[in-house]
Structure formats: C-alpha cells, structure tokens
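# Per-entry structural report
This is what each chain is made of:
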Amino acid sequence: MYNLAQRANAIFAFAMTVQFGLLLSIAISSLYLTSNPIGKVDVRELNIWLYNYDNKETEFAFIEMNLDADLTSLFNWNTKQLFVAVIAEYETKSHDLNQVVLWDSIIQSKEDAHIKEVKVRNEKYDFVDITPKFGEVEAKYSIYWDLMPYVGFLVSGKTESNQTISFPAPDNN
Amino acid sequence: MFEEEIRFLRKMNKRQLAQQILNFLMIISSALMVWKGLALYTNSESPIVVVLSGSMEPAFYRGDLLFLGMPDEPVRVGDICVFKIPGRDVPIVHRVIKLHDEKETGKQYILTKGDNNQVDDRGLYNPGQLWIHREHIVGKVRGFLPYIGIITILMNDYPQLKYVLIGFLGLYMLVNRE
C-alpha cells in the first residue's frame, strides 16, 4: 500500500506546503515593520547649456548637489536591497508633471544605507525636457527609495523636499 | 516499476478510465481558471512573469518570479514596469527613469532603463521610437519570489523537457488510484 515513492511524495508535498506557508508569513509580516527614512537634497549649482540634439538646439541642465539621507531603518530581515534615486519634478506649460531621475545607487547592506555624498552631478543621466527648452520652470528634488525584498512585496517611497530652484537662462557655449 | 501501473490500466473498465480523464481535465481547467481569475483581479494580461534577462540584477535574476498589478493610478518614476514593444513577443521588465504627462491629452511619455544597464532603453525600442506609453505596459511589479521560474527557463531552453514533463504528469494522473 505505502511504497517508497508514495512516502517520498508525501514528505515532499508536506515540505513544500510548510515552505510556502513560511514564505507567505515572511512576506506579509514584513509589511508591518515600521521604518523612518529621512533624506535631503541640497542643490548647489544649476547650469544650462545648449547643444544640438536630434537636429534641434536643446537645453541640457547640469546639476551639482549634496545628498544626505539615512535609510538604515529600511533594512529589516527581509530587505535584499534598496534602489535609491534623486528625482527632479517640475511642471511646464505643455506638461502637467515631468519626472526625471538624476542619480541612482543600489544599496545592499545596512552599513551603506547612510548616504552622505557631496558635489554629486547628473553624469549618468541627461537632464533634458521632452521639448527642446525648459522655459521658466521651478523643479523640486527628492530622494526616492525602492525596497526590494528577499521574498514578498516591493515597497517604495520618497522624502519630500521644499527647496525649489528656478532654472537660469542658458549659457552660450 | 511500471508493471503494476500497466496491469492497473488494463484492469480498468471504461467508466473508471473516463473518470480518470475527467479528473485530469478538471485539474487543467482549474489551473486555467486560477490564472484567468488572477488576470481579471490584477487587471493585467499576464499577472505572473518570469525574469528572462540579467538587466535588473542584483535585484532580479534569471528565473525569479514577479507578481504584477495594474493600478488605476498613472505610472510614476521609479516604478518597475513590464512592457511589450509592438511587434515583439518577449516582454521587458525595467524601471521608469523619465516621465512626462501631457496636459492636453493626459498621455504619458515614459522612458525606461534596466538597473544593471548603463544606458536607457531607446536602443531596445523600435527604431525612431523615443518613448513608450501606457498601452505598452502589461503591469507594474508588486511582488517577488526567487528561483521558482527556473523551470520555465529550462523548458524554454530545452523544449523536449516540456513534452517529457507533460507526458509523465498525464500518465501519473491516469494511473493514480485516488
């Protein structure tokens, strides 16, 4: 009646059930852990240069900023890594909301989750509007974080900033 | 090993055989129902996808399973989206790095990039295509389960494995006595 295959099957099925039960409870319980991430973007310099892009004279913004963020509280036993980015948000005449990533970093341990960077520039990402010109805009800058778990739900958020800086007139090069 | 099973198959009368086949079909149709129900609930045409490339490492590796949702609210920068480029079958899982909401039409202009890639996805889009739009997006990544999808990847890489597995499962269902 009970041969080896049936016994192995029963043990395997039970092990799978227990494992998925455990994974589910990890995924759900880590949603209830509280965290208190803080962060600040301090824009030190903003310059605009004109370049020829796609056969149009286009405004490229170059930013220099200091970052100070403490994201250590986001690290719990189900945190695999954090994706951290600086986002610029602004409104133009033709577009309600424009969001551009200026800088990013992947943090994999709690020890590295205290970010203190000076004179960061948007070297990896072009800061260009969808139209060739920014026009008269004021952008807000914030630090965005996305928590990626070992198993379960992705959680994200951003720290609000009050600093707004008007775009200067382009420098002629 | 199989002698007993074969003897059992011979012994079965038509009614028992029909019952076993019905059981088999029942399992397949309930799996299909769960999948389609999930698609309705999450409002996404494929609510579960397997990661096929390493462009989102070290967050997602090949074979990890992603659970998608299609929220009512618009896409925002930082969201990890699964999207399909027109004319291509394989969906891509990448992060939104640039976004412009047009005032008049409400149309979203979205640019994506893989966390592990140095450049944005304009090289992956169709020639001349600078943005993707809401209609290209299959869903937004909500949940994560590692490793499980490796079976799908193996079946994709070695198609014979798929038939062996399906055949074996089918046979097992037929000779199973419960």
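Residues numbered from 1 in each chain as written. Chains lettered and ligands numbered in written order. Predicted model: local features only at pLDDT ≥ 70, side-chain atom pairs only at ≥ 80, totals over all residues. Heavy atoms only, no water.

The next thing to look at is the domain arrangement of chain B. Domain parsing of chain B yields domain 1 (3-42 + 158-175) and domain 2 (48-147). Once you take the C-alpha centre of each, domain 1 of chain B and domain 2 of chain B turn out to be 36 Å apart. (Domains from an automatic or database assignment.)

The next point concerns the interface of chain A and chain B. Each partner contributes to the interface: chain A provides 38 residues, whereas chain B provides 32 residues. For the interface between chain A and chain B, the tally reads two salt bridges. Notably, a salt bridge pairs Arg95 of chain B with Asp146 of chain A, separated by 2.9 Å at the nearest N-O pair. Remark: the boundary between chain A and chain B carries 16 residue pairs in polar contact (both at pLDDT 80 or more). Among the elements of the structure, helix H1 (4-29), strand E3 (79-90), strand E4 (95-107), strand E6 (138-149) and strand E7 (152-153) of chain A are those that each provide at least two residues to the side of chain A that touches chain B. Broken down by element, the side of chain A that touches chain B gets its largest block of residues, nine residues, from E4 of chain A. (Contact = heavy atoms within 4.5 Å. Salt bridge = Lys/Arg side-chain N within 4 Å of Asp/Glu carboxyl O. Polar contact = N/O pair within 3.5 Å; in protein donor to acceptor, adjacent residues only side chain to side chain. Helix = DSSP H or I, 4+ residues; strand = E, 2+ residues; numbered from the N terminus.)

As a further point, take the sheet that holds strand E1 (residues 38-53) of chain A. All names here are of chain A. Within the open sheet, the three strands sit side by side as E1-E2-E5. Their pairing is antiparallel. Because the sheet does not close on itself, it has two edges, and the strands there are E1 and strand E5 (114-121). When strand polarity is set aside, the average angle formed by the axes of neighbouring strands in this sheet is 20°. The pairing of E1 with strand E2 (residues 56-70) spans 15 bridges and is classified as antiparallel. Looking at the pairing, Val41 lines up with Leu67 of E2. (Pairing = 2+ DSSP bridges. Axes fitted to C-alpha atoms, helices over the stretch in contact; angles between N-to-C directions.)

Let us now look at the UniProt feature "transmembrane region" (unreviewed entry) in chain B. In this numbering, the UniProt entry assigns the feature "transmembrane region" (unreviewed entry) to residues 21-41 of chain B. Along residues 21-41 of chain B, the helical share is 100% and the strand share 0%, with 30 Å between the first and last C-alpha atoms. (UniProt positions renumbered as here; feature names shortened; annotations may be inferred.)

What follows covers a nonpolar patch on the surface. Taken together, the side chains of Leu24, Ile28, Leu31, Tyr32, Phe153 and Val155 of chain A define a hydrophobic patch exposed on the protein surface, amounting to about 610 Å² of accessible area. By secondary structure assignment, the location of Phe153 of chain A is in strand E7. (Patch = residues over 30% accessible without salt bridge, like charges linked within 9 Å, V, L, I, M, F, W, Y side chains within 5 Å. Areas by Shrake-Rupley, 256 points an atom, 1.4 Å probe, with all protein chains shown as cover.)

What follows is about the packing of helix H2 (residues 14-42) of chain B against helix H4 (residues 159-175) of chain B. Residue and element names in this part refer to chain B. Two elements in contact, H2 and H4, have axes separated by 8 Å at closest approach and are oriented at 130°. Considered as vectors, H2 and H4 are oriented oblique to each other. Of the two elements, H2 crosses H4, and the hand of that crossing is right-handed. Every residue of H4 that contacts H2 at Gln20, Ile21, Phe24 and Ile27 is listed here: Gly170, Met173, Leu174 and Val175. By residue class, the composition of the contact of H2 with H4 is six nonpolar, two polar and no charged. (Parallel < 35°, antiparallel > 145°, perpendicular 65-115°, else oblique. Left-handed = near helix turned anticlockwise from the far one by under 90°. Nonpolar A, V, L, I, M, F, W, Y, C, P; charged D, E, K, R; others polar.)

The next thing to look at is the domain arrangement of chain A. All names here are of chain A. Considered domain by domain, chain A is made up of domain 1 (1-32) and domain 2 (35-166). On a C-alpha basis, the centres of domain 1 and domain 2 stand 42 Å from each other. Listed by partner, the interface residues are six residues for domain 1 and seven residues for domain 2. Between the two partners, domain 1 and domain 2, sit zero salt bridges. In this assembly, domain 1 and domain 2 are joined by one residue pair in polar contact (both at pLDDT 80 or more). In the side of domain 1 that touches domain 2, the residues fall into four nonpolar, two polar and no charged.

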